[in-house]
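Examining the three-dimensional arrangement
Here is what each chain is made of, one letter per residue.
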Amino acid sequence: MQGRVAWNVSPDWPLETDRLTLRPFTAADFEAIHAMRSDPDVVRYLYQEPLSPEETRELLTRRIAATSWTREGDWLGAAVVERASGLTVGDVGLCWVSERDRTAEIGFTFDPRHQGKGLATEAGRALLDWAFTAAGLHRVIGRTEARNGASARVLEKLGMRREAHLVENEWVKGEWQSELVYAVLEREWAQSRDSASQGVR
Ligand SMILES: CC(C)(COP(=O)(O)OP(=O)(O)OC[C@H]1O[C@@H](n2cnc3c(N)ncnc32)[C@H](O)[C@@H]1OP(=O)(O)O)[C@@H](O)C(=O)NCCC(=O)NCCS
C-alpha cells in the first residue's frame with residue numbers, strides 16, 4: 001500500500017518500554033553522552049573518532065534539536081533512560097533516508113556499563129514500533145561494520161533480515177571496512193509484534 005510520512009512527524013514523547021524511557025535529549029545528558037562518545041571501544045566501528053568535550057557538546061546540540069523529521073536526511077534521536085536508576089544509558093535514533101520510499105535507518109549507542117542487558121534491543125523495538133505505526137514507514141534498515149558482532153546481533157534480535165554483506169566498500173579510519181545491511185518491512189514487523197516479549201506500553 002502506498003502512503004506518505006507526514007511532515008514534521010515526531011513521537012509523542014516519551015516512549016515507554018518495560019525498563020526504559022526514551023525522551024528528547026537535554027543539556028543534562030552531557031556526561032552520559034561524553035562517557036560513550038569519548039570511549040575508543042564504543043566508537044570502534046562508528047565513523048567518528050573518540051570525541052573531545054567540545055565535540056560532544058556539538059553532538060549534543062544536534063541531538064537536542066533532532067526531535068522530529070522535517071526533511072530527508074534528518075536524524076530523530078532519543079536519550080534512553082533506565083527508569084530504575086534514572087541514568088541515561090543510551091542514544092538511539094532513526095535517520096529518515098527517503099520520503100518516496102518511506103525508509104529510515106536505525107542507529108544505537110549504549111554505555112558499556114549498561115550493555116549486555118538487552119537494553120539496545122528494547123529501545124530499538126520502541127523506535128521500530130513508532131516508525132511502523134505512527135510514522136507510517138514501509139521499511140527500516142540497519143547498517144553495521146561486519147566485525148561489529150553486538151550491533152549485528154541487536155539487528156537480528158529486532159527481527160531484521162540480513163540483506164547484504166558489502167565487502168571492503170568503505171575506507172574508514174585508515175582501513176577498508178565491510179558492511180552488513182539489515183532490513184525489516186512494515187508487514188513483517190506487524191506479524192512479529194504480537195510475539196515480541198517487550199514493546200511500547
Ligand atoms: C551495539 C550495542 C548498542 C548493543 O547494546 P546492548 O544494550 O549491549 O545490546 P543488547 O543487550 O540488546 O544485545 C546485545 C547482543 O549482542 C551480543 N554480543 C555482544 N558482543 C558480541 C560480539 N562481540 N559478537 C557477537 N555478539 C555479541 C550479546 O550477547 C547480545 O545478544 P544475546 O541477547 O543473544 O546474548 C552496543 O554494543 C554499543 O553501544 N556498541 C558501540 C556502538 C556501536 O557500535 N553501535 C552500533 C553502530 S552500527
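Below is a short write-up of the structure. (Residues numbered from 1 in each chain as written. Predicted model: local features only at pLDDT ≥ 70, side-chain atom pairs only at ≥ 80, totals over all residues. Heavy atoms only, no water.)

In terms of burial, strand β5 (residues 103–110) is a largely internal element, 8 of the 8 residues being buried. Where strand β4 (residues 87–98) lies against β5, 8 bridges are found, and the strand directions are antiparallel. Of the residues in β5, the one forming a bridge with L94 is I106. Here β4 folds back onto β5 in antiparallel fashion, the turn holding 4 residues, of which R102 has a positive phi close to 45 degrees. Note: β5 against strand β6 (residues 139–145), 3 bridges, orientation parallel. Counterpart to E105 in the pairing with β6 is I141. Running through helix α3 (residues 119–132), the crossover from β5 to the neighbouring parallel element β6 is right-handed. (Buried < 20%, exposed > 50% of the residue type's maximum accessible area, 1.4 Å probe, protein only. Helix = DSSP H or I, 4+ residues; strand = E, 2+ residues; numbered from the N terminus. Pairing = 2+ DSSP bridges. Right-handed = clockwise from strand over helix to strand, strands pointing away.)

Not every one of the 21 residues close to the ligand is listed here, only the nearest: G116, G118, T121, R153 and K157. Contact distances for the ligand include 2.5 Å between an oxygen atom and a side-chain N or O atom of T121. Taking N148, its side chain carries an N or O atom lying 2.7 Å from an oxygen atom of the ligand. Within the complex, the protein chains bury 69% of what would otherwise be the 970 Å² of accessible surface of the ligand. The set of elements that each furnish at least two residues to the shell around the ligand consists of β5, α3, β6 and α4 (149–157). With 6 residues, the single largest contributor to the shell around the ligand is α4. (Near = heavy atom within 4 Å. Polar contact = N/O pair within 3.5 Å; in protein donor to acceptor, adjacent residues only side chain to side chain. Areas by Shrake-Rupley, 256 points an atom, 1.4 Å probe, with all protein chains shown as cover.)

Next up on the list: α4. By the burial criterion, the buried members of α4 are S151, A152, V154 and L155. The arc that holds the buried residues of α4, viewed along the axis, is 160 degrees, so those residues lie on one side. Two residues or fewer after α4 comes G159, characterised by a positive phi angle close to 85 degrees. (Arc of directions from axis to C-beta.)

So, on to the pairing of strand β7 (residues 161–172). Summarising the sheet, β7 and strand β8 (residues 175–185) pair through 8 bridges and their orientation is antiparallel. By the bridge assignment for β8, V172 is matched with E175. With antiparallel pairing between neighbouring strands as the criterion, β7 and β8 make up a hairpin whose turn holds 2 residues, including K173 at a positive phi of roughly 50 degrees.

Let us look at the nonpolar core. Buried together is how nonpolar side chains tend to be arranged in soluble globular proteins. Judged by nonpolar contacts, the single largest core of 38 residues is most densely connected at L22, W69, I106 and V140. If you list the elements that add at least two residues to this core, you get β2 (20–23), β3 (75–82), β4, β5, α3, α4 and β8. Examining the composition of this core, we find that 9 residues originate from one element, α3, more than from any other. Among residues more than four places away in sequence, those in contact with V140 are L94, A104, I106, L128, A131, F132, M160, Y182, A183 and V184. Counting 9 residues, the second largest nonpolar core, distinct from the first, contains F30, I33, L51 and L60. (Core = buried A, V, L, I, M, F, W, Y, C linked by side-chain atoms within 4.5 Å. Contact = heavy atoms within 4.5 Å.)

The subject of this paragraph is the sheet that holds strand β1 (residues 15–16). Sheets are built from strands that pair by backbone hydrogen bonding, the pairs being arranged parallel or antiparallel. The strand order across the open sheet built from 8 strands is β1-β2-β3-β4-β5-β6-β8-β7, with neighbouring strands paired in mixed fashion. Strand pairing shows two members of the sheet lacking a second neighbour, β1 and β7, which therefore form its edges. Examined bridge by bridge, β3 and β4 share 8 bridges and lie antiparallel to one another. Looking at β4, one finds that A79 is bridged to D91. Contacts from helix α1 (residues 30–37) reach β4 and β5, with the element oriented near 75 degrees to β4. Across the sheet, α4 is in contact with β5, β6, β7 and β8; its angle to β6 comes to roughly 160 degrees. (Axes fitted to C-alpha atoms, helices over the stretch in contact; angles between N-to-C directions.)

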